[in-house]
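Overview (structure and organization)
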Amino acid sequence: MMRKLTGATVLGAVGVIALVAACGSSDTAGNGDCKPASTAGTTGNGEAGSKSGGGSDAQGNGGEPATSNGGGNDGGQGGSGDGGSGSLPSGAIPAAPGAFTASNLPDDLDIQVDEDFIINGETCGEEAHIDTDMGTIDCSVPGAMPSFKFKIVEQADSSEVGVFAGKNILIAPSVTVVVEGQRPLVLLAPGNVQINGTIKAIADSIYADRANAGGFSAAKGEQVKGQGPGGGSGTSTEAGGGAFCGKGGKGGSASGAPGGVAYGTEELVPLLGGSSGGNGATGGVGGAGGGAVQVIAGGKLTLSATGVIHVGGAGGGWNGGGGGSGGAILLEANEISVAGTLAANGGGGGEGDGVAGDSGLGASPDAVPAPSGHGTTATDDDGGEGSAAGTIDGSPGGSVSGGGGGGAGRIRLNSHSGVAQLTGVLSPAADSACVSQGKLGG
């Protein structure tokens, strides 16, 4: 049985030892290093400090943390390095970054953190379910005790996000974090964040019409428009796909249901998820939109080669359901390195046969379009594929019927320089209109 934990959990001696071990240099389990950069100058060695943090190795394990100042014979403090936020004092400290103002969070954010937030085999097992409504974590290992602080925060538009915070944050490569609850997820650390595992903010694993993490669920009833600003339209035979940055694919025939229209801003302020596809006839339920995830680090944010953030839309149901759009990924840190995968793809549209066809598939965490549902009348009643890679709009359904595919979500990266190090997979593609970069505010 999974044990439900809250941010008020207090670690025993064994738990503290496990956290200290996991936050040290990379171990054989690939848990990486999540210590912040140091700002204290060394005394009497006259050597300049390193300005950049260590990289990931072939297994995606984190390197050594950055040190951000020179030493000097007088033991003085050097300048701020590219990779560091400075050493963190012991005891409780503010969770908000000191050097910049994070998007979607108030300037007077009242969260204090006193431990690192680590999800690995020792602290939680191979799967963790984070609930943004309840502020809890369900771990696959009974009795596991990750340390974190939780707070519900209101955005400028009065919508809410669920903030999970720690001094530094580490997700091990063997771990999958499943985001549940209606609020978008914000991970916050004044130090460094290292993601070597997978974060999934997608539709319910059983009911593809139920969204999580700020995505919009399918509407109730038949032949109705999907929920969210970019919800696809519905008709008696087929439905359009949901939109976010990319447009939703049109449902079926020339006189069929329009796909959803694009909405939102590239800055992802406020933070919200993707829209659902429209509903067709009986069984043609629209796919839910992908969720929204924001990750904030005062120092360096690293997504290693094994790291994944997946906010894809769900597939539309058989009988013409439209696919859901991709959601939102917002990364903010002094320095950002992405060697893994950021995916905000649309889901596939359902077939329009209504008798022997099948549903569209949900988006996958890669650059491959979500397959549509296939019908029985050649391709006339197939659904449309979801968006992926350089194709940001969902594909239309077959010429007779079939739900449209979901459009692409949005990816935004804000750093000190305004240019993140991108060597991994981004879908939508890094050079598309749905991916943008900017400089930190404040």
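None of these values were measured; they are calculated from a predicted model.

The rules we used
Residues numbered from 1 in each chain as written. Predicted model: local features only at pLDDT ≥ 70, side-chain atom pairs only at ≥ 80, totals over all residues. Heavy atoms only, no water. Helix = DSSP H or I, 4+ residues; strand = E, 2+ residues; numbered from the N terminus. Buried < 20%, exposed > 50% of the residue type's maximum accessible area, 1.4 Å probe, protein only. Polar contact = N/O pair within 3.5 Å; in protein donor to acceptor, adjacent residues only side chain to side chain. Disulfide = S-S within 2.5 Å. Contact = heavy atoms within 4.5 Å. Phe/Tyr/Trp six-rings, centres within 6.5 Å; stacked < 30°, edge-to-face > 60°. Core = buried A, V, L, I, M, F, W, Y, C linked by side-chain atoms within 4.5 Å. pLDDT = per-residue confidence, 0-100. Pairing = 2+ DSSP bridges.

Looking now at the side chain of Asn104. Tracing the sequence through the fold places Asn104 in the loop between β2 (93–94) and β3 (112–113). The class of Asn104 is buried, set by a relative accessible area of 11%. Within the local environment of Asn104, its side chain forms a polar contact with the backbone oxygen of Leu268, the two atoms lying 3.2 Å apart. Here the side chain of Asn104 touches Gln294 through a polar contact of 3.2 Å, side chain to side chain.

To continue, consider the state of the cysteines. For the structure on display, the rule yields two disulfides. In this model Cys245 forms its disulfide with Cys434; the gap between the sulfur atoms is 2.1 Å. In this structure the cystine formed by Cys245 and Cys434 twists about its S-S bond by roughly -90°; its chirality is therefore left-handed. Separated by 189 residues along the polypeptide, Cys245 in the loop between β13 (198–200) and β14 (292–303) and Cys434 in the loop between β20 (425–427) and β21 (435–439) bring together distant segments of the chain. Judged by relative accessible area, which is 11%, Cys245 ranks as buried.

On to the environment of Cys245, then. Taking the C-alpha atoms as reference, Cys245 lies 5.6 Å from Ala408; in sequence the two are 163 residues apart. If we skip the residues at most four places from it in the chain, Cys245 touches Ala262, Ala408, Gly409, Arg410, Ala433 and Cys434.

A separate point is the packing of aromatic side chains. In the structure shown here, the tally under the stated rule is four aromatic pairs. Ring centres 5.4 Å apart and planes at 40° place the aromatic pair Phe148 and Phe164 in the tilted group. Separated by 16 residues along the polypeptide, Phe148 in the loop between β6 (136–139) and β7 (149–154) and Phe164 in strand β8 (residues 160–165) bring together distant segments of the chain. Residues Phe148 and Phe164 agree in their burial class; the two are buried. An angle of 55° between the planes, with centres 4.8 Å apart, marks the rings of Phe150 and Phe164 as tilted. You can see Phe150 sitting in strand β7 and its partner Phe164 sitting in strand β8, a full 14 residues away along the chain. Taken together, the ring pairs connect Phe117, Phe148, Phe150 and Phe164 into an aromatic cluster.

Soluble globular proteins: nonpolar side chains tend toward being buried together. Grouped together as the largest cluster of nonpolar side chains are 43 residues, with contacts concentrated most on Ile137, Ile199, Val295, Ile309, Leu331, Leu342 and Leu413. In this structure Ile199 touches Ile171, Val177, Val179, Leu187, Val293, Val308, Ile309 and His310, once residues within four positions along its chain are discounted. Counting 23 residues, the second-largest nonpolar core is a separate cluster that includes Ile93, Val113, Leu271 and Ala292.

What follows concerns the confidence of the model for the protein. Considering every residue of the protein, the mean pLDDT works out to 83; 78% of them sit at 70 or more. Contacts of residues 1–30 to residues separated by more than four positions or lying in other chains number 62 contacts, the stretch itself having pLDDT below 50. When the criterion is pLDDT under 50, residues 36–85 qualifies, and its contacts beyond four places in sequence or with other chains add up to 122 contacts.

A word on the pairing of strand β11 (residues 185–189). Buried residues dominate β11, accounting for five of its five residues. Of the two faces of β11, the one lined by Leu185, Leu187 and Ala189 and the one lined by Val186 and Leu188 are each fully buried. Pairing of β8 with β11, which is carried by four bridges, proceeds in the parallel orientation. Pairing of Ala165 across the sheet is with Leu188, part of β11.

Turning to its location among the elements, Ser103 is positioned in the loop between β2 and β3. In contact with Ser103, other than residues within four places in its own chain, are Val269, Gln294, Leu330, Glu332 and Asn414.

Another point: unusual backbone geometry. Cis geometry marks the peptide bond from Val269 to Pro270; its omega dihedral reads 0°. Inspection of the secondary structure puts Pro270 in the loop between β13 and β14. Here Ser427 and Pro428 are connected by a cis peptide whose omega angle stands at 10°. Residue placement: Pro428 occurs in the loop between β20 and β21. Although it is not a glycine, Asn319 adopts a positive phi angle of roughly 80°.

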